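Here is how the chains run, residue by residue.
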Amino acid sequence: MTFGPEVLLERLDALETAANKPDRYVIALSGGLDSTVLAHALAATRERHGKSLLAVHVDHQLQAESSRWTDYCRDLAARFGIEFVAERVSVDNTESVGIEAAAREARYAVLERHTRGRDWLLSAHHRNDQAETLLLNLMRGSGPAGLAGIGLLMPFADGWLARPLIDVSRAALEAYAAAQDLRWLDDPSNDDLRFDRNYLRHDVLPALEGRWPGVIERLARSAELAGEAASMLDELAAIDLQRVGGRAARIDIEGLLELSEVRQRNLLRYAIRRAGLPVPGAARLATVIDSVLRAREDAQPLVAWPGAEVRRYRGTLYLLPPLGEPSWPPGGQALGDRPLGLGPGMGALRLVPGAPRGLSGPVVEQGLQVRTRRGGEELKPAGRTPTKKLKKLLQDEGVVPWMRDRLPLVFAGEELVAVADLWLAAEAVSEPGTAVHWDDRPELY
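Residues numbered from 1 in each chain as written. Predicted model: local features only at pLDDT ≥ 70, side-chain atom pairs only at ≥ 80, totals over all residues. Heavy atoms only, no water.

A. The overall build of the chain, seen in detail. A count of helices and strands for the chain gives 16 helices and 23 strands. In terms of principal-axis extent, the alpha carbons of the chain reach across some 80 × 50 × 40 Å. Sorting the 445 residues of the chain into buried and exposed places 47% on the buried side. Within the chain, contacts between residues at least 6 apart in sequence are counted, and of these 66% link residues at least 24 apart. Roughly 22,300 Å² of accessible area belongs to the chain as shown, and the carbon and sulfur atoms make up 49% of that amount. Side chains of the chain give 55 positive and 62 negative charges; the mean places of these two sets differ by 4 Å. (Helix = DSSP H or I, 4+ residues; strand = E, 2+ residues; numbered from the N terminus. Buried < 20%, exposed > 50% of the residue type's maximum accessible area, 1.4 Å probe, protein only. Contact = heavy atoms within 4.5 Å. Areas by Shrake-Rupley, 256 points an atom, 1.4 Å probe, with all protein chains shown as cover. Lys, Arg positive; Asp, Glu negative; His and termini not counted. Charge placed at Lys NZ, Arg CZ, Asp CG, Glu CD.)

So, in structure tokens, the structure goes:
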């Protein structure tokens, strides 16, 4: 396939049938061949596509010349008449993640901040990238979803991430760059064969192409077919999820166990993705089935992996992000005019004066403190009798065990006057009063 502005516009028009019509294209601009060609073609056709353009460059600070690359990309965007922004990031090179994955995560965090509303983020991945990704995922033992490679279009931030060059070969992009007299940056790390992708690019794929000419196109076709298979498996998982009951983050265990093990695994992968969590490998998924699904009814098993954890309670499977620890000190923290952040994934607590029902004025005037459970707390919830131990109240109401010690308890002096936004103490209530609101509250039931 040859490449030119017509090819790009046709692909972008076709993508609009599957997503919203964007107001702006945000270009992930590295300064390499791929993103340079994409930026040039978009700038050359702006009167036809009618979208404003923003180029975003991320300096990972992994090369001595990286600041010079930022200057180059700024000049390149200026020559093309494209608005430009650059950000510098620090890459957390941990052994568990790896430098390539850590850099990608940092890069996409920046790109997400600059993609808003109806924007489309455009990435310049091409057919050779697709072939490399398929082989990498094959070496990792991936299933159909992994072998589908790089997706053409997917939700991103509040808009979409599109890869309109995914069917275009690198040779076609080089030909376009030569015809337009374009220059680009070459990152020396792309020649470092310690990185798996570079090894595939420089050693493996040329050898395969020498033996089987056209192998890159055939690998791309295999990725497309794997994508179709993955889509059908997702459709089956959606049917199974509806059948067993629940939603992506909460699944009925009894219904799940009625499925074959193959469909159990398929449904779990689907539900984990739908919950916005990273999908575990086959071994960890098998542990979920053996240790969580088949645990005793009264057990509270936990299986965790980076970015996610699975728990069960009262016949329900919970798919969760890692639970953050409370951010307030053990002695408590004042709750006043400003919202009180409760830690990662825990939301924030705030007071709302003038509510139809809430804490009385004298109680609020004493000053309020937020603490966690220490044991032995008692509460008589407004409108209920009798006074109960908080432990018993939480059990009776079905609050999941792993959240009970994380609940923000509101005290006036030494008196417990509110349990988060769940209950108010009968002796502390007035109508109207000051309500306690828990914004972005995690799952409690």
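B. Spatial organisation of the sheet that holds strand β20 (residues 415–419). Read across the open sheet, the five strands follow the order β12-β16-β19-β20-β21; overall the sheet is antiparallel. Of all strands in the sheet, those with a lone pairing partner are β12 (333–335) and β21 (423–424), marking the two edges. (Pairing = 2+ DSSP bridges.)

C. Looking closely at the environment of Y313. By the secondary structure assignment, Y313 is in strand β10 (residues 308–313). In this structure Y313 comes out as buried when scored by relative accessible area, which is 11%. A distance of 2.9 Å separates a polar atom in the side chain of Y313 from a polar atom in the side chain of R314. (Polar contact = N/O pair within 3.5 Å; in protein donor to acceptor, adjacent residues only side chain to side chain.)

D. Representation of the sheet that holds strand β4 (residues 120–122) within the structure. The strand order β3-β2-β1-β4-β6-β5 describes an open sheet built from six strands, whose pairing is mixed. The strands lining the two open edges of the sheet, one partner per strand, are β3 (83–88) and β5 (153–156). Put simply, the sheet's adjacent strands are angled 25 degrees from each other on average, direction ignored. With six bridges connecting them, strand β2 (residues 52–59) and β3 associate as parallel partners. Its bridge partner lying in β3, V56 is registered against V85. The strands that helix α1 (residues 5–15) touches are β1 (24–28), β4, β5 and β6 (159–162); relative to β4, the one it contacts most, it runs at about 145 degrees. Packing against the sheet, helix α4 (residues 66–80) makes contact with β2 and β3, and its axis sits at approximately 170 degrees to β2. (Axes fitted to C-alpha atoms, helices over the stretch in contact; angles between N-to-C directions.)

E. Inspection of the pattern of salt bridges at higher detail. Under the counting rule described, the total for this entry stands at 32 salt bridges. One salt bridge connects R88 with D59, and the closest N-O pair in it is separated by 3.7 Å. Here R88, found in strand β3, pairs with D59, found in strand β2; they are 29 residues apart in sequence, far enough to count as distant. Of the charged contacts, one joins D396 and K388 as a salt bridge, the two residues approaching to 3.0 Å between their closest N and O atoms. On the accessibility criterion, D396 (37% relative accessible area) is partly exposed. K388 gets classed as partly exposed once you look at its relative accessible area, which sits at 30%. Members of the salt-bridge network, linked through shared partners, are E261, R265, D290 and R294. (Salt bridge = Lys/Arg side-chain N within 4 Å of Asp/Glu carboxyl O.)

F. Structural view of helix α8 (residues 170–179). Among all positions of α8, only A172, L173, Y176 and A177 are buried. One side of α8 holds all its buried residues, which, seen down the axis, span an arc of 140 degrees. Exposed and facing more than 90 degrees away from the buried side of α8 are A171, A178 and A179. Elements in contact with the buried residues of α8: α1 and α2 (33–44). Downstream of α8 by one or two residues, D181 has phi in the positive range, about 55 degrees. (Arc of directions from axis to C-beta.)

G. Quick look at the side chain of N128. Inspection of the secondary structure puts N128 in helix α6 (residues 127–139). Apart from residues no more than four positions distant in its own chain, N128 is found in contact with S169, R170 and I216.

H. Structural detail: the packing of helix α9 (residues 196–211) against helix α10 (residues 215–244). Taken N-terminus to C-terminus, the directions of α9 and α10 make an angle of 105 degrees; their axes are 9 Å apart at the nearest point. As far as their axial angle goes, α10 and α9 are roughly perpendicular. Residue-level inspection shows L205, L208 and E209 of α9 in contact with α10, the latter providing V215, I216 and L219. Of the residues in the contact of α9 with α10, the class split is five nonpolar, no polar and one charged. (Parallel < 35°, antiparallel > 145°, perpendicular 65-115°, else oblique. Nonpolar A, V, L, I, M, F, W, Y, C, P; charged D, E, K, R; others polar.)

I. Highlighting helix α5 (residues 99–113). Look at α5: 22 Å from first C-alpha to last across 15 residues, which is about the 21 Å you get at 1.5 Å a residue. By the burial criterion, the buried members of α5 are A102, A103, A106, Y108, V110 and L111. (Expected span 1.5 Å × (residues − 1).)

J. Representation of the packing of aromatic side chains within the structure. Applying the stated criterion to the full structure yields four aromatic pairs. Here Y25 and W120 contribute two aromatic rings whose centre-to-centre distance is 6.2 Å and whose plane-to-plane angle is 50 degrees, an arrangement assigned as tilted. Separated by 95 residues along the polypeptide, Y25 in strand β1 and W120 in strand β4 bring together distant segments of the chain. What makes Y25 buried here is its relative accessible area of 1%. With a relative accessible area of 0%, W120 lands in the buried category. (Phe/Tyr/Trp six-rings, centres within 6.5 Å; stacked < 30°, edge-to-face > 60°.)

K. Structural context of the packing of α6 against α10. Following both chains from N to C, one finds α6 and α10 inclined at 65 degrees, their axes separated by 9 Å at the closest point. If you check the angle between α6 and α10, you find them roughly perpendicular. Between α6 and α10 lies a crossing of left-handed hand. For the pair α6 and α10, contact is made by R127, N128, Q130, A131, L134 and L135 and by I216, E217, L219, A220, S222 and A223, respectively. (Left-handed = near helix turned anticlockwise from the far one by under 90°.)

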